[in-house]
Every structure is written in structure tokens, then in C-alpha cells.
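Reading the structure
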Amino acid sequence: MSTIAAFYGGKSILITGATGFLGKVLMEKLFRTSPDLKVIYILVRPKAGQTLQQRVFQILDSKLFEKVKEVCPNVHEKIRAIYADLNQNDFAISKEDMQELLSCTNIIFHCAATVRFDDTLRHAVQLNVTATRQLLLMASQMPKLEAFIHISTAYSNCNLKHIDEVIYPCPVEPKKIIDSLEWLDDAIIDEITPKLIRDWPNIYTYTKALGEMVVQQESRNLNIAIIRPSIVGATWQEPFPGWVDNINGPNGIIIATGKGFLRAIKATPMAVADVIPVDTVVNLMLAVGWYTAVHRPKSTLVYHITSGNMNPCNWHKMGVQVLATFEKIPFERPFRRPNANFTSNSFTSQYWNAVSHRAPAIIYDCYLRLTGRKPRMTKLMNRLLRTVSMLEYFINRSWEWSTYNTEMLMSELSPEDQRVFNFDVRQLNWLEYIENYVLGVKKYLLKEDMAGIPKAKQRLKRSCTPYSTL
Ligand SMILES: CCCCCCCCCCCCCCCC(=O)SCCNC(=O)CCNC(=O)[C@H](O)C(C)(C)COP(=O)(O)OP(=O)(O)OC[C@H]1O[C@@H](n2cnc3c(N)ncnc32)[C@H](O)[C@@H]1OP(=O)(O)O
Ligand SMILES: NC(=O)C1=CN([C@@H]2O[C@H](COP(=O)(O)OP(=O)(O)OC[C@H]3O[C@@H](n4cnc5c(N)ncnc54)[C@H](OP(=O)(O)O)[C@@H]3O)[C@@H](O)[C@H]2O)C=CC1
């Protein structure tokens, strides 16, 4: 029997961000490997016209949870959705719910965050910094709490080249920023933001760094660990390969390339593509939860979960394999034939943007206008190019992350735990992983029918560009 799986048996676990990409995979694995856990409390807000219960049902009814329903048929009874909005200072949790959380919680996994690169400083600080502080305050009032696991990002210190598993100080104290945001108006905040974030590439990575500092400062006598994943990608193995459910990170780029919108990208081909499968991250999170609670390390340990130092892949290799997969399993109705020119030269990149992206979009919009339809391709293309420009920082650099703590933890696990909670990325076969990833994007994100593949292949064979069937 797995020691880690047994550890979570009978436990009350609080998860923030459970409706997000990482949070869903975390819940799935917990229920599947520890079906005898007592309860998972999730802090949820109503969204897109759905109540909390509707959101929970939608998650449990998804393909991701199919295996869970076999192992843990009463899974619905074991999830307790608690109304909470992390944008509000007290999370807007009712008194009764708060009482229950404070008196029952054993383990906290804090995954909630805004991961948008272009969020306002005010909102990103509220969610990634102030909410973390508030949650730590709650944690300090939980008599049964055994471990608090904070999810950060490997890019929280991306202004450095070599990053150790330590918490680095930020130039301005998080408390000072939180206090000043209370009285500064939005126009002034916009003005001072570039000065505050200095050499961080965006507000997201900067506020995640502030969040880590808050964890360090407010840790009191809590048992805390910080986990820093790199670019979180589709599932590698569990519960099945290729599962993915949002357009963040590589996912949106894969769609834009497969549909033939994006045919060139400013990327350094030999830079490390530090993608890490989401199930690998979750396995580490559960192992860290166990280790932190049972071994109670004297200080807050930081764990890097990255692929570059153990099993590196670069953007060239990734691009080639993504394109090869499109040949085998093309996406339906592409705008143009998929291609991926990588260039690290700004001039060449601008040339490709003009010739390969903007010009075909303008021509297509003219065609739409002439046929009495509303033009939309130029708008879509501008949006896409803006998104790509925001990701460029991460695809033109390589970082070195030390992984001493992650390797130490691996050596502490029993052979059974190493198997059930595998986070050894050296075993990952990139070609197989990328193929499953692209297939997953087609199936679970685009919801395209696999039966349409032969037809899509035929179209690809006789493709002339641009397609006019969007
Ligand atoms: C061939 C080669 C391959 C190589 C492959 C290279 C990959 C290279 C990756 C590098 C990756 C670095 C990653 C750093 C590592 C971190 O730690 S970052 C964590 C991940 N965070 C991110 O990736 C966030 C990045 N995204 C953003 O910040 C914002 O989306 C952007 C880029 C500012 C764009 O904002 P926007 O233009 O306002 O667009 P947005 O509202 O987000 O969404 C556009 C549309 O998609 C829809 N949408 C939004 N979210 C979702 C969702 N979750 N599900 C479904 N639809 C959604 C919206 O509804 C919207 O549709 P409409 O309403 O217009 O119909
Ligand atoms: N994805 C990646 O590549 C990486 C992610 N990370 C980190 O992993 C963690 C999880 O990221 P990921 O799952 O990808 O992100 P998602 O955007 O998929 O999920 C974010 C979660 O936070 C919740 N949330 C946001 N705002 C609020 C709010 N005001 N009140 C309550 N809940 C809120 C969202 O809820 P709702 O559904 O209601 O919006 C959602 O459940 C984050 O801390 C992120 O920084 C680190 C490295 C890379």
C-alpha cells in the first residue's frame, strides 16, 4: 500500500483554485488514490451563470473524473463547495463555513491565482499576494492543520538565470505594496507599475514572487512548502494521456498553429522548452503534502518541478513534433496549412508577421466583405499576435533551476510511492508526450470528432491557402 495514499485517508483537505487546470487534476488524483479521504473543501465562486453546485457537477461529470466514479462512487458527498471570492478581503465566506474550515482542515493546497500576464497590478496583488496572506492567517487559526502547500511558479524569479530552491527577497516589501494600493488611484498605479516590476517580464510573475515573500513572512509556526512548476502542460499518464482544458501557455499556440493561423513565431529554437506535465506536478504536490506534514522540516522548503535539467527538450524539437503530429492527426477546417517557422531575429519575425499573418488576414477580410459577411480575421490575428508577443519572453530564454529538494524527496519515497506518485520526469518520452498533447488539444479543447480525421487528412493533402471555410 502506498504510504502517501494512506496518509490522505480520513483527512479533510482544503483546495483553492480547484476549478482551475491544476486544481481539477489534483482533486482527481486525490479521490482516485485515497478514496477514503474524509472531505475535500473547495473555495469556489459562482461563474458564467453557474451556481457552485452546477460547477462541481460539471467537473465531476467530465471525462477527467470517469475513473474516480468507479473507485469512489460517493465522490459527490466528499466534495464540499464553499462559497468564497478571493478578491474580497475576508473571502466572503459565511461564519458557519469559516468555523467548519477552521476547526476541521488538515491540509491546504493553495492553487488559486490569476495567471493572466496582462492583469492589473491591483487585481493581481489582491489575488496572488493579499489572498495568500489572508489564507495564511486563516491557516494559523486551524488547530488540526498539518501542512500548507503553496503553489507558485518556476518563473517567479525569471529575472535571474540560475534559480535555487530558496525564497528570494523582492525589492519592495509586499506589505508596502498592499498598503499603497489601498489609497492610490488606478491611473497612478498604471504609471508606477513598470517601475515596480523592474526586470520581471509581467505582473503575473512579479506578484507570484511577492506571494512567496508573504508566505515566508507570515509563516508563523506553520508547516509550509512552496512548489514551483515551470510551464504546466497536458497530462502525461494519468488519468489518461493528453488531457488539457484551457487555452493558456502552449495550448493556445498549438491551436493557432494547427488551425494555420500562426505560421511563424519569434522563438529561439535551441532554448529549453521547459514544459512539465500537470499530473507530474500533482504527484509532487501530494508527495510534498505528505512529507511536510509527517517530517515537519524546520524551514519552508521550496520544490522546483521542471523538466529542463533532467530531460531537456527544446522549442525546435517541440515544433517539429507538433507539426509531424498535425500530419497524422490534422485539426479540422484550417485557415492555412500548418507551419512553424522559428526565428530569433526581430526583423525576420516582423517580416513573417506582415507576410504570413497580417496580409492573409486582410485578404480574407476583403473576401468576407465582398461576400457580404462581417470581417473578423484581422481582429482575431491582432489578438493572437498580442498573445504570442506576451509569451515571447519565455520562448527565447533558458533557465537553470536547481532541484535538490525535489530529488531529496524522490529518494525519501518508497518504491511503491515512487510508482504511484511518480514525478521523475527523466522517464518522459517527449515525442510520445507531444503527440498525445496535440491529440488531447484536438479532443478535449477543440472537441473535434476523431472520425473526421481521414477527411481532414484528405483536405490537408490538397490544401491550397488560405482556406475559405472558417
Ligand atoms: C508549433 C509550436 C508549438 C510551440 C508552443 C510554444 C508555446 C509557448 C508557451 C510559453 C508559455 C509560457 C508560460 C509561462 C509559465 C507560467 O507560469 S504562466 C501560467 C499560464 N498563464 C498563461 O499562459 C496566461 C497567458 N494568457 C494571458 O495572459 C491572456 O490570455 C492574454 C495573452 C493576455 C490574452 O488575453 P485576451 O486577448 O484578453 O484573450 P482572453 O480573454 O484570455 O481569451 C481569448 C478567448 O479565449 C477564450 N478563453 C479564455 N480562457 C479560456 C479557457 N480557459 N478555456 C477556453 N476558452 C478560453 C475567451 O473566452 C476568449 O474568447 P472570446 O470571449 O473572445 O470568444
Ligand atoms: N498553468 C501553468 O502553466 C502554471 C501555473 N502555475 C500556478 O499553478 C496554480 C494553478 O494554475 P492553473 O490551474 O493553471 O490556473 P487556472 O487559471 O486554470 O485556475 C485558477 C484558479 O483560481 C481560481 N480563482 C481565481 N480568482 C478567484 C477568486 N477571486 N476567487 C476564487 N477563486 C479564484 C479560479 O477559479 P474560477 O474557476 O472561478 O476562475 C481557478 O480555480 C497558480 O497558482 C499558478 O500560478 C505555475 C506555473 C505554471
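Residues numbered from 1 in each chain as written. Chains lettered and ligands numbered in written order. Predicted model: local features only at pLDDT ≥ 70, side-chain atom pairs only at ≥ 80, totals over all residues. Heavy atoms only, no water.

**Quick notes on the overall build of the protein chain**
We count it as follows: The secondary structure listing takes helices from DSSP runs of H or I that are at least 4 residues long and strands from runs of E that are at least 2 residues long, numbered from the N terminus. Note that the radius of gyration is over C-alpha atoms, with the globule rule given as 2.2 Å times the number of residues to the power 0.38. Exposed residues in this analysis have more than 50% of their type's maximum accessible area, buried residues have under 20%, and partly exposed residues fall in between, with area computed by a 1.4 Å probe over protein chains only. Residue contacts are defined here by distance: any two heavy atoms, one from each residue, within 4.5 Å place the two residues in contact. Residue exposure ignores everything except the shown protein chains as possible cover, and the areas themselves are Shrake-Rupley values with a 1.4 Å probe.
A tally of helices and strands in the protein chain yields 19 helices and 13 strands. Compactness check: the protein chain gives a C-alpha radius of gyration of 23 Å against a globular reference of 23 Å for 470 residues, within 12% of the reference. For the protein chain, the spread of C-alpha atoms along the three principal axes comes to 70 × 55 × 45 Å. Put simply, the protein chain has 470 residues, and 56% of those count as buried. Across the protein chain, every contact between residues at least 6 apart in sequence was considered, and the portion connecting residues at least 24 apart equals 85%. Total accessible area on the protein chain stands at roughly 20,500 Å², and carbon and sulfur atoms take up 54% of it.

**Looking at the pattern of salt bridges**
Heads up, the rule is: We define a salt bridge as a contact between a side-chain nitrogen of Lys or Arg and a carboxyl oxygen of Asp or Glu at a distance within 4 Å.
Scanning the entire structure with this criterion turns up 21 salt bridges. With its nearest N and O atoms 2.7 Å apart, the salt bridge here joins Glu28 to Arg32. Of this pair, Glu28 and Arg32 both sit in helix 2 (residues 21-33), four residues apart, which is roughly one turn of that helix. Each member of the pair, Glu28 together with Arg32, is buried.

**Observations regarding the nonpolar core**
The line we're drawing: In this text, buried Ala, Val, Leu, Ile, Met, Phe, Trp, Tyr and Cys residues form a nonpolar core when linked through side-chain atoms within 4.5 Å.
Counting 111 residues, the largest nonpolar core has Ile15, Ile42, Phe109, Met285 and Leu409 as the members making the most contacts within it. Every residue in contact with Leu409, bar those within four places of it in the chain, is listed here: Leu284, Ala287, Val288, Trp290, Tyr291, Tyr303 and Phe423. Grouped together as the second largest cluster of nonpolar side chains are 48 residues, Leu43, Leu102, Leu181 and Val215 included.

**Brief notes about the site of ligand 1**
Formally: By convention in these notes, a residue is near a molecule or strand provided one of its non-hydrogen atoms lies within 4 Å of it. Polar contact criterion, stated in full: a pair of N or O atoms within 3.5 Å, where within protein one must be able to donate a hydrogen and the other to accept it, and residues adjacent in sequence count only if both atoms are side-chain atoms. Throughout this entry, Asp, Glu, Lys and Arg are counted as charged residues, while Ala, Val, Leu, Ile, Met, Phe, Trp, Tyr, Cys and Pro are counted as nonpolar. The remaining residues, Gly among them, count as polar.
Residues in contact with ligand 1 amount to 25 residues; listed here are only the nearest, Arg116, Phe117, Asn246, Gly249 and Arg383. Within the backbone of Val115, a nitrogen or oxygen atom sits 3.2 Å from a nitrogen atom of ligand 1. Measuring from an oxygen atom of ligand 1, one finds a side-chain N or O atom of Arg386 at 3.4 Å. Contact with the protein chains covers 72% of the free accessible surface of ligand 1, which is 1,400 Å². Those elements giving two or more residues to the shell around ligand 1 turn out to be helix 11 (250-258), helix 13 (315-328) and helix 15 (377-395). Examining the composition of the shell around ligand 1, we find that seven residues originate from one element, helix 15, more than from any other. A class-by-class count of the residues in the shell around ligand 1 yields 15 nonpolar, six polar and four charged.

**Structural notes on the environment of Leu22**
You can see Leu22 is positioned in helix 2. Residues Leu22 and Leu284 lie 262 residues apart in sequence; the distance between their C-alpha atoms is 12 Å.

**Some thoughts on the side chain of Asp274**
For Asp274, the position within the fold is in the loop between strand 9 (264-266) and strand 10 (275-277). Within the local environment of Asp274, its side chain forms a polar contact with the backbone nitrogen of Gly308, the two atoms lying 2.9 Å apart. Those residues in contact with Asp274 that lie beyond four places of it in its chain are Tyr155, Ser230, Ile231, Thr306, Ser307, Gly308 and Trp401.

**A word on the side chain of Asn422**
One can find Asn422 in the loop between helix 17 (415-420) and helix 18 (430-445). Looking at Asn422, its side chain comes within polar contact range of the main-chain nitrogen of Asp424, at 2.8 Å. Of the polar contacts made by the side chain of Asn422, one reaches the side chain of Gln427; its length is 2.8 Å. If near-sequence neighbours (up to four positions away) are discounted, Asn422 is found in contact with Trp236, Gln237, Thr280, Asn283, Asp417 and Gln427.

**Some remarks on the confidence of the model for the protein chain**
Detailed reading of the predicted coordinates is not advisable wherever pLDDT is low. Quick reminder of the rule: A residue's pLDDT is the predictor's confidence in that residue, given on a scale from 0 to 100.
Averaged over the protein chain, the pLDDT score is 95; the fraction of residues at 70 or greater is 98%. Counted against residues more than four places away or in other chains, residues 466-470, with its pLDDT under 50, gives 19 contacts. Interface confidence for the predicted complex, given as ipTM, is 0.92, next to a pTM of 0.96.

**Some details on the site of ligand 2**
The full set close to ligand 2 counts 27 residues, and Thr19, Arg45, Arg55, Tyr204 and Lys208 are the nearest of them. Here an oxygen atom of ligand 2 sits 2.9 Å away from a polar atom, N or O, in the main chain of Phe21. In the complex, the protein chains occlude 90% of the 890 Å² of accessible area that ligand 2 would expose alone.

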